[in-house]
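Given next are the chains, with one letter for each unit.
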Amino acid sequence: MFSSELKKGSTEMLVLSLVESRPRHGYEIGKLIEARSNGRLTFALPTLYPTLLRLENRGWIKGRWVEKPGERQRCFYRLTLEGRKVLAAQRENWHAYVLAVNQVMDGSDA
Amino acid sequence: MRDWDAFVRARVRLPGLTPVREARIVKELAAQLEDCYRDALARGASDAEADTHALRQVGDWDQLSQDVWLADRRHARPAIERLADRLDSHVPTTKGGTRVMADMLRDTRYAVRQLVKSPGFSLIAILTLALGIGATSAIFSVVNGVLLRPLPYPGADALVRITEIVPQYGQFSVAPASFLDWRRQATSFERMAAFNAISVTFNAADGPERVSAAAVSWDLFDLQTTPPVLGRGFTEGEDLPLKNNVVVISH
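Keep in mind the model is a prediction, meaning the values are calculated, not measured.

A. Inspection of the environment of D35 of chain B at higher detail. As for its position among the elements, D35 of chain B is in helix α2 (residues 19-42). Among the residues examined, D35 of chain B registers a relative accessible area of 8% and is labelled buried. Between the alpha carbons of D35 of chain B and A54 of chain B there is a distance of 8.4 Å; along the sequence they are 19 residues apart. When neighbours within four sequence positions are excluded, D35 of chain B is seen to be in contact with H25, Y27 and R74 of chain A.

B. Region of the structure containing the pairing of strand β4 (residues 207-216) of chain B. All names here are of chain B. Alignment of strand β3 (residues 195-204) against β4, held across 10 bridges, turns out to be antiparallel. Bridge pairing in β4 places T201 opposite R210. The hairpin turn running from β3 into β4, its antiparallel successor, is 2 residues long.

C. Main features of the packing of aromatic side chains. Summed over all chains, the structure comprises 6 aromatic pairs over all chains. Between F7 of chain B and W61 of chain B, the aromatic rings sit 5.9 Å apart at their centres with planes inclined by 75°, giving edge-to-face as the arrangement. Of the two residues, F7 of chain B sits in helix α1 (residues 4-11) while W61 of chain B sits in helix α4 (residues 61-71), which places them 54 residues apart along the sequence. Comparing F7 of chain B with W61 of chain B, the two get one shared label, buried. Pairwise contacts between aromatic rings join W4, F7, Y37 and W61 of chain B into one cluster. Of note, R2 of chain B hangs over the ring of W4 of chain B, and the distance from its end group to the ring centre comes to 5.5 Å. The ring centre of W65 of chain A lies 4.3 Å from the NZ or CZ of K27 of chain B, which sits over that ring.

Criteria and thresholds
- Residues numbered from 1 in each chain as written.
- Chains lettered and ligands numbered in written order.
- Predicted model: local features only at pLDDT ≥ 70, side-chain atom pairs only at ≥ 80, totals over all residues.
- Heavy atoms only, no water.
- Helix = DSSP H or I, 4+ residues; strand = E, 2+ residues; numbered from the N terminus.
- Buried < 20%, exposed > 50% of the residue type's maximum accessible area, 1.4 Å probe, protein only.
- Contact = heavy atoms within 4.5 Å.
- Pairing = 2+ DSSP bridges.
- Phe/Tyr/Trp six-rings, centres within 6.5 Å; stacked < 30°, edge-to-face > 60°.
- Lys NZ or Arg CZ within 6 Å of the ring centre and 35° of its normal.

Shape descriptors only; they carry no functional weight alone.
Below you can see the structure in the form of structure tokens.
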């Protein structure tokens, strides 16, 4: 629904926020983004998976292979300490950015 | 159900990554595609529909491979290993004359891999080899120049150097009187000449200068059958006192 340009800057922040509360695997993260946005935000595997790798290589998330009974092994990602700091900063920036854009778009001329 | 691991392994191209890293990525991508397939089944799709739905998640495997490689390049294998792989991919599998080359390339690749696995040992081995080769080359150069290479004179194999042995002191230079006696009395030698390395002070235009020289008997150049390039050598008697103010300059 939203253009890829609009979504590009928020992918990492969305992934970090979704693994903040508990570890999740890649497919679950994609489904959760779609569900919580009521279908307005979708990130395909070719976008989401490289993002997960980048975040892991930066040390913001950490993957761990888990095998549940009757299921195949999946890599669950959790937020690291560094990742929490980054997410907090990104969240603050995002709120400030949205506020600023809204002020510009909704404000009247002087 | 499709073997998603084999499906992904056949399509994803990550030649620069370590095998362990590549296996992990294949496993994870396969897990996500299988999750997508099972999710579609759970929502009531048929096996074929669920399979198609999962397949549609990745449209361009080359682009995905490139994006994954860019995101994960810190796990890339050393450049020399990738070079060894490229060499190996060009090794012909045919028999015959190319077999030797193929085996050599394969052995080279194996050697490179082993060296890369143990960089510390490889460095020490290379330094030791370099030191050994360098030392051997230096020693050979000296031996070649001093012992093996002939002197630049005609009949050099007939040239001998005679020294005097003093029982109490060992090897000595020949005393001038002994030289004169030997030259007069010896029958085993065609000719004898004397040579004594000295240093002299040369009064150059810009000040005195210490110069390496040699005091020689008049017939040294005749013995060596090597006349000077320019001018003349010594004549008989020019090695006697009051007549010995003649020099031959070397270059």
